[in-house]
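Listed below are the residues making up each chain.
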Amino acid sequence: MIPAKFEYKRASSVSEAISMLGEHGMDAKLVSGGHSLVPAMKLRMSRPEVLIDIKRIPGLDIITEEGNEIVIGANCTHTQVMRSELVQKDVNIVYQAVSRIGDIQIRNRGTIGGSLAHADPSSDYPAVVLACDAKIEVEGGNGKRSIDAKDFFLGIFTTALEEDEIITAVRFPKVANGTYFKFYQSASRFAVVGVAAVKEGDHVKVGVTGVAGTPYRATAVENAYSGNGDAAEHAVDGIDDIMSDHFADEEYRAHLAKVMVRKALEAVN
Amino acid sequence: MQISMTINGKEYSHDVEPRISLAQYLRENLDLTGTHIGCDTSGCGACTVHVDGAAAKACTLLAVQVDGSEITTIEGMANGKEMHPIQEAFKENHGLQCGFCTPGMVMTAADILKNNPNASEEEIRHGLEGNFCRCTGYHNIVKSIQHAAEKMNA
Amino acid sequence: METFIGQPVKRREDDRFLKGAGKYTDDIKLPGMTHSAFVRSPYAHARILSIDTSKAKTAEGVVAIYTAEDGCGAFGVPCGWQVDFKNGETMREPQHPLLAKDKIRHVGEAVAIVIAETQELARDAAELVQVSYEGLPAVTCPKKAMEPGAPKVHDEWEDNASFDWCIGNDRAAVEAALEKAHHVTEMTYKNHRVAPNAIEPRSYIADYDVNGDKWTLYTSTQNPHLIRLLLCAFALGIPEHKVRVVSYDVGGGFGSKIYHYTEEALLTWASKEIGRPVKWTSDRTEAFLTDAHGRDHIVHSKMGFDKDGKIVAHLTDEYCAMGAYLSTFAPAVPTYLHGTLFQGVYTTPLIHLNVVAPFTHTVAVDAYRGAGRPEATYLLERIMSKAAKEMAIDPAELRFKNFIPPFDGVKEPGYQTQVALQYDSGNYEAVLKRGLEMLGYEDFRMDQAEARKNGKLLGVGISTYIEGCGIAPSAVVGALGARAGLYEVGHVRVQPTGKVSVFTGAHSHGQGHETVFAQFVADKLGISMDDVDIVHGDTDQVAFGMGTYGSRSLSVGGSAIIKSIDKILEKGAKIAAHKLEAAEEDLEYAEGKWKVKGTDKSISFGDVSLTAYVPHDYPEGLEPGLDFSSFYDPTNFTYPFGTHIAVVEVCADTGKVTLQRFVACDDVGNVMNPMIVDGQIHGGVVQGVGQALLEEVVFDGEGQMATGSYMDYAMPRADDVPMIETDRTTTPCPHNPLGVKGAGEAGAIGSTPAVVNAVVDALSHLGVTDIQMPVTPQRVWKAMQSKK
């Protein structure tokens, strides 16, 4: 399997990447780890004319503590995030999720920025960024902006990123009490249901991936939450695009969502 | 595009099309055919090599992406005639049958043990998540890695 | 002196594999080699309206493009087995063209081949071939394929049946016995379709040598000679002596690399057309779409019991998919490799099986590890456990009540079944006893009861299987429709220095022949294993052969080698007698020497070998040389058997099944290398577990495969399974010289029903009596829900 022909460009800075995007528009794709994009290109389902490699841009592969936040550079691999002591200590929920992405080899190459930009509705990160109220830092032709996680995912493989925008970092508020539960699809090991729960005081924030075409905050659960797992019954309230395949039809997927939300709620108590 | 890499300790430089994967580059340009292609989309792990010391699926990396890297393939695991302890353990424990997934298994095993020298059976099995074997039922692969760990830790 | 039979000798082939130095077909590069890509149909059923290759032909690097119009392959790839209708009508056998001509009959069927200078350019150009189709309704389910009005796969016949066949006792007698039975257990289910998934995709290189007018075909096959025969005599009609088929290292087969595929023939044809070597290596999606699949039976079965739990009759009706065309062994799989095992290990007095085998708009179904026997075992072992539950008898107890008593095939004759076969030897009680002991069955039942009180769902499943291996006596299979003999060839060439080259028609694609065959050859000749080399996989080196499948390599291929060794020792004795100036009958052969009995006079194997090639002082009238080739045609099949027991835990919330333990006590006859036998069992078991829990080929209503990649087709992984606990009993095969029965398929045959029985057992107190395979979390959860 071999991708269709394309031109390969390497960006040495964020601004260079942005100007390359500006130049090539829809014909271009950014690549960092490439573990979602390259297989799609080999199957010729994705056929960019220009591939812009942002992996070597300096400064995008570091994890820092900024006040009450942990900032993870877009080019950080899943392995790097998983092994970060800052992440393990201050946003352990991210560690929990990342250590369940793919396999060793995939974690060694795949990146947080790439995963979020690809927006696979069954990937693990969306649930976590949603539950943490993380901010996606992006830069584009119109400068820098910060997108709230809840505004970032617009649909299957669709995000709020503009054509010339690039994710530079993800900013997580520190989380003292958070958990990630995943029920994986047995072939791909992507999430059939992935649930992230963060507890703050008496309140809980719940992010759900895998269930709907768009990852979502389970606000019905959050509103009904009263300190135990019972609010899990509301896991799919108001969700009208529950996905269905031969591993999990709508009924079973909705059931699993409730089971996983319950586990998560019970775990953060 | 001109790329250069250190592969199994030797420097190489080639002009390649950007769409050529690292696995293809190793197999076609360098005749390092020990890196196998089983699914070509990062599912089966037969193509696993080390890129800058970490296991990666060479079918899903474009050669241009890893320009300048240090690559170790299965051909670079043995020290001359002396096999790596993991290779030896696979032979001792019948950790292979048809041999097709074996290079990937050995390379992944090396990554597992590098980062977790005392990996438990469960951790080894979990670590092999990205590598399919259709012959062994994994039993003797897990045993091989356990035995390799013992030898390497001794 | 060191002996090797029965020892866990480490494999000599491992060094090259472990160093990345294996030689698989895709590793081979030939000077001037071209690459190819196929244009394949996205439709399951369609009329081809037009094919336009003009744009593609002018694309960069294109050497040639061929479609069916170009006259490739006069006859198409043949089927090797004929199973006729029970009413006498001949099997309906469509032509299987190398490239589709007017009609498409499954997704992935090739329409054109594009040959170019590189793989990349071949694929680029293949995208430029424009094919216009008229999509037609498709049928993928074998039962629906037989409904009135179902879309027809081949227009020339009145319905989709390839044949309608039966075996066993008179149907009316079986039905009458069921009527009168004290208890009847009934089951309806699908033994679903699975994809073989050898990790090495199929790969071929055809190389036509213009000057020598000879072809070399490098192919990832399990049986190079069979491929040559089918290719030359049927697909292309080219002279067999001008074709060399080479199959070096092959990365797993599991049946899928037995068959002669269209691509093999097409590349061979095209290589002559362009006068250059052509290579094609399947990608994984193509593998899912075009490698022959396994199973796909729709089953309805009834088993009757008397008041003591003894089986009185068994009646089954099946619809077994053939796919769009008949693959090499396809008709044999649901018939003679399946129905003949319906006796199982039980004394069932009346058996009747009817099989309707329809064409479907899918890739072909053919033998997949176990081939017909796993399907028979699944049926018998599921229905036995279901019956046990219904009659409130312990499932182990019900089996003990019904076992055929032990027989060794020497003192007692073999066991004549109701379904054509005579079992060679068996002791079925012993393997079940040992299996239960390994598990700690009674303790488990107590743990299970305790666990249930705490809401934990534990289950145990038993399966006691038998299989027919060592395929096969030629006259028998000939009578059953095989179009080939199933003997094997073993050629032993003693070199002048006493070193031995063995050429076998069997083929190793993971089984370790290079080691195991050398073990018994060294022992029989009393020489070192280092002095024995095993050569396989090259028709120019090996005289002939039928290849490796049906757990036949040792029992048939090994026996052929033994025959040649016997001839060598017989001739060697003549030479030894001459040199020792003794009578032949006064000699004995041991530890690599002929000795004059009762004296210290002897001559070594090496000296006799040298004398055979330097025949200066030599028996009068004896030919020089020490080189014999033999054909061995077995007198019977072999019948390995065993007990597999699975323990599972089911998650009450999600339905997810965790396989906690797997116990296998197998009897494969005598064992040459226990390390390798255990390895075969482990691998087979996990393949069977894969079918039980994970794997399934799914088609949608249009005949599109929803599981064409590892993103959707669930393969068993290391963390899906536990360590496999193995043990053995040994009941030698009475009719082959090594006493071996075969171990390659056993694991895959016994394990699947054990796992499903365990899952049903875990849920039995909730009222669940059956769950369709694979028992995915969703299916388990729905089964639990349905009982709420």
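Per chain, residues are indexed from 1 in the order of the written sequence. All chains are assigned letters beginning with A, and all ligands numbers beginning with 1, in the order in which they are written. Per-residue local features are limited, in this predicted model, to residues with pLDDT of at least 70; the limit for side-chain atom pairs, both in listing and counting, is 80 or more; totals at the level of whole chains, interfaces and linings are taken over all residues.

Elements are defined by DSSP. Helices are runs of H or I of four residues or more, strands are runs of E of two residues or more, and each kind is numbered from the N terminus. Within chain B, the regular secondary structure consists of five helices and five strands. Ordering the α and β elements of chain B from the N terminus gives β-β-α-β-β-β-α-α-α-α. The globule rule is 2.2 Å times the number of residues to the power 0.38, and the radius of gyration it is compared with is taken over C-alpha atoms. Computed over its C-alpha atoms, the radius of gyration of chain B comes to 15 Å, within 12% of the 15 Å expected for a compact globule of 154 residues. Considering only C-alpha atoms, chain B reaches an extent of 45 × 30 × 25 Å along its principal axes. Residues are called buried when their C-beta atom has 20 or more other C-beta atoms within 10 Å, exposed when it has 12 or fewer, and partly exposed otherwise; all C-beta atoms are positioned from the backbone. Taking all 154 residues of chain B together, the buried fraction comes to 65%. For chain B, restricting intrachain contacts to residue pairs at least 6 apart in sequence, the fraction spanning at least 24 positions comes to 60%. In this description, any two residues whose backbone-derived C-beta atoms lie within 7 Å of each other are considered to be in contact.

Of regular secondary structure, chain C possesses 18 helices and 28 strands. Against the 2.2 N^0.38 benchmark of 28 Å for 788 residues, chain C shows a C-alpha radius of gyration of 27 Å, consistent with a compact globule. Principal-axis analysis of the C-alpha atoms gives chain C an extent of 90 × 75 × 50 Å. Burial analysis of chain C (788 residues in total) assigns 60% to the buried set. For chain C, long-range pairs separated by at least 24 residues make up 81% of all intrachain contacts whose partners lie at least 6 apart in sequence.

So, about the pairing of strand S12 (residues 191-200) of chain A. All names here are of chain A. The buried count for S12 comes to nine of ten residues, which makes it a mostly enclosed element. Taken together, the seven bridges between strand S11 (residues 178-184) and S12 define a ladder with antiparallel strand orientation. By the bridge assignment, Thr179 is partnered in S12 with Ala197. Connecting the antiparallel pair S11 and S12 is a turn made up of six residues, with Arg189 showing a positive phi of about 65°. Whether two strands pair comes down to DSSP finding at least two bridges between them.

Here we come to the packing of helix H16 (residues 674-693) of chain C against helix H17 (residues 746-763) of chain C. Residue and element names in this part refer to chain C. Angular values range over 0 to 180 degrees, each being the angle between N-to-C directions of two axes fitted as lines to C-alpha atoms, with helices fitted over their stretch in contact. One way to put it is that H16 packs onto H17 with a least axis distance of 7 Å and a crossing angle of 40°. As summarised for this structure, H16 and H17 are arranged oblique, according to the angle between their axes. Considering how the two elements wind past one another, H16 and H17 form a crossing that is right-handed. Each of Gln680, Ile681, His682, Gly683, Gly684, Val685, Gln687, Gly688, Val689, Gln691, Ala692 and Leu693 in H16 lies in contact with H17, whose residues at this interface are Ala746, Gly747, Ala748, Ser751, Thr752, Val755 and Val756. Taken together, the residues of the contact of H16 with H17 break down into nine nonpolar, ten polar and no charged. Orientation is classified from the angle alone, with under 35 degrees giving roughly parallel, over 145 giving roughly antiparallel, 65 to 115 giving roughly perpendicular, and any other angle giving oblique. Two helices that cross are described as forming a left-handed crossing if the nearer one is turned anticlockwise from the farther one by less than a right angle, and a right-handed crossing if clockwise. Three residue categories are used. Nonpolar comprises Ala, Val, Leu, Ile, Met, Phe, Trp, Tyr, Cys and Pro, charged comprises Asp, Glu, Lys and Arg, and polar comprises the others, including Gly.

Turning our attention to the packing of helix H14 (residues 553-580) of chain C against helix H15 (residues 605-613) of chain C. Two packed helices can be described by the angle between their axes and the distance between those axes. Residue and element names in this part refer to chain C. Axis separation between H14 and H15 bottoms out at 10 Å; the angle between their running directions is 95°. Taken together, the axes of H14 and H15 lie roughly perpendicular to each other. From H14, Gly572, Ile575, Ala576 and Lys579 reach across to H15, where they touch Val608, Thr611 and Ala612. Of the residues assigned to the contact of H14 with H15, the class counts are four nonpolar, two polar and one charged.

With that out of the way, let us pick up the nonpolar core. All names here are of chain C. Grouped together as the largest cluster of nonpolar side chains are 393 residues, with contacts concentrated most on Val114 and Val759. Top contributing element to this core by residue count: H17, with eleven residues. With residues up to four places along the chain from it excluded, the contact list for Val759 reads Gly459, Val648, Val650, Val657, Ile771, Val775 and Val780. Only buried residues count toward a nonpolar core: Ala, Val, Leu, Ile, Met, Phe, Trp, Tyr and Cys, linked into one set through C-beta atoms within 7 Å.

Turning next to the interface of chain B and chain A. Taken together, the contact between chain B and chain A spans 23 residues of the former and 23 residues of the latter. Elements represented by at least two residues in the side of chain B that touches chain A include exactly strand S4 (54-57) and helix H3 (102-115) of chain B. Examining the composition of the side of chain B that touches chain A, we find that four residues originate from one element, S4 of chain B, more than from any other. Residues of the side of chain B that touches chain A, tallied by class, amount to nine nonpolar, nine polar and five charged.

This brings us to the sheet that holds strand S5 (residues 110-116) of chain C. Within a sheet, adjacent strands bond to each other through the backbone by hydrogen bonds, running parallel or antiparallel. Residue and element names in this part refer to chain C. Across the sheet, seven strands lie side by side as S3-S5-S1-S12-S9-S10-S11; this open sheet has mixed pairing. On the outer flanks of this sheet lie strand S3 (62-67) and strand S11 (243-246), each paired with one strand and no other. Across the sheet, the axes of successive neighbouring strands diverge by a mean angle of 20°, strand direction being ignored. Bridge count between strand S10 (residues 214-219) and S11: four bridges; the pairing is parallel. The partner of Trp215 across the bridge, within S11, is Val243. Together, strand S1 (34-40), S3 and S5 form the strand contacts of helix H3 (residues 119-126), whose direction differs from that of S1 by roughly 25°. The sheet strands contacting helix H5 (residues 224-235) are S10 and S11, and the helix crosses S11 at an angle near 145°.

So, on to the sheet that holds strand S20 (residues 500-504) of chain C. Residue and element names in this part refer to chain C. Within the open sheet, the four strands sit side by side as S21-S20-S19-S25. Their pairing is mixed. The strands lining the two open edges of the sheet, one partner per strand, are strand S21 (532-535) and strand S25 (627-632). Direction aside, the axes of adjacent strands within the sheet are offset by 15° on average. Here five bridges tie strand S19 (residues 488-494) to S20, and the two strands are oriented antiparallel to one another. Counterpart to Val494 in the pairing with S20 is Val500.

With that settled, consider the domain arrangement of chain B. All names here are of chain B. Each domain of chain B was delimited in the assignment, giving domain 1 (2-76) and domain 2 (85-153). Relative placement of domain 1 and domain 2: their C-alpha centres are 21 Å apart. Contact with domain 1, which involves 14 residues of that partner, is made by eleven residues of domain 2. Grouping the amino acids of the side of domain 1 that touches domain 2 by side-chain chemistry returns seven nonpolar, seven polar and no charged. Domain segmentation is taken from an automatic or database assignment of domains.

Looking now at the pairing of strand S15 (residues 351-358) of chain C. Residue and element names in this part refer to chain C. Counted residue by residue, S15 has seven buried out of eight residues, so it is predominantly covered. Looking at chain direction, strand S7 (residues 161-168) and S15 are connected through seven bridges and run antiparallel. Note on S15: the bridge partner recorded for Ala161 is Pro358.

A separate point is unusual backbone geometry. For the bond from Ile471 of chain C to Ala472 of chain C, the omega torsion is -5°, close enough to zero to count as cis. Residue Pro774 of chain C is bonded to the preceding Met773 of chain C through a cis peptide linkage, with omega at -20°. Within the secondary structure, Pro774 of chain C is located in the loop between H17 and helix H18 (777-786). Although it is not a glycine, Phe157 of chain A adopts a positive phi angle of roughly 55°. Among the structural elements, Phe157 of chain A can be located in the loop between strand S8 (153-155) and strand S9 (158-159). Positioned with a positive phi, Arg295 of chain C is a non-glycine residue whose angle comes to about 70°.

Our next topic: the confidence of the model for chain C. Per-residue confidence for chain C gives a mean pLDDT of 97; residues scoring 70 or more make up 100%. In the predicted complex, the global pTM is 0.98; the interface-specific ipTM is 0.98. On a range of 0 to 100, pLDDT expresses the predictor's confidence in each residue.

Below, the discussion takes up the environment of Asp600 of chain C. All names here are of chain C. Mapped onto the secondary structure, Asp600 falls in the loop between strand S23 (593-596) and strand S24 (602-604). According to the C-beta neighbour criterion, Asp600 is exposed, with 6 such atoms within 10 Å. Once the C-alpha coordinates of Asp600 and Gly547 are considered, the two residues, 53 residues apart in sequence, prove to be 44 Å apart.

What follows is about the domain arrangement of chain C. All names here are of chain C. For chain C, the domain assignment lists domain 1 (14-136 + 200-251 + 257-290), domain 2 (367-468 + 638-786) and domain 3 (487-632). The gap between the C-alpha centroids of domain 1 and domain 3 is 39 Å. On the side of domain 3, 13 residues touch domain 1, which itself brings 14 residues to the contact. Contributions of two or more residues to the side of domain 1 that touches domain 3 are made by H5 and S11. Here the residues of the side of domain 1 that touches domain 3 are counted per class, giving seven nonpolar, four polar and three charged.

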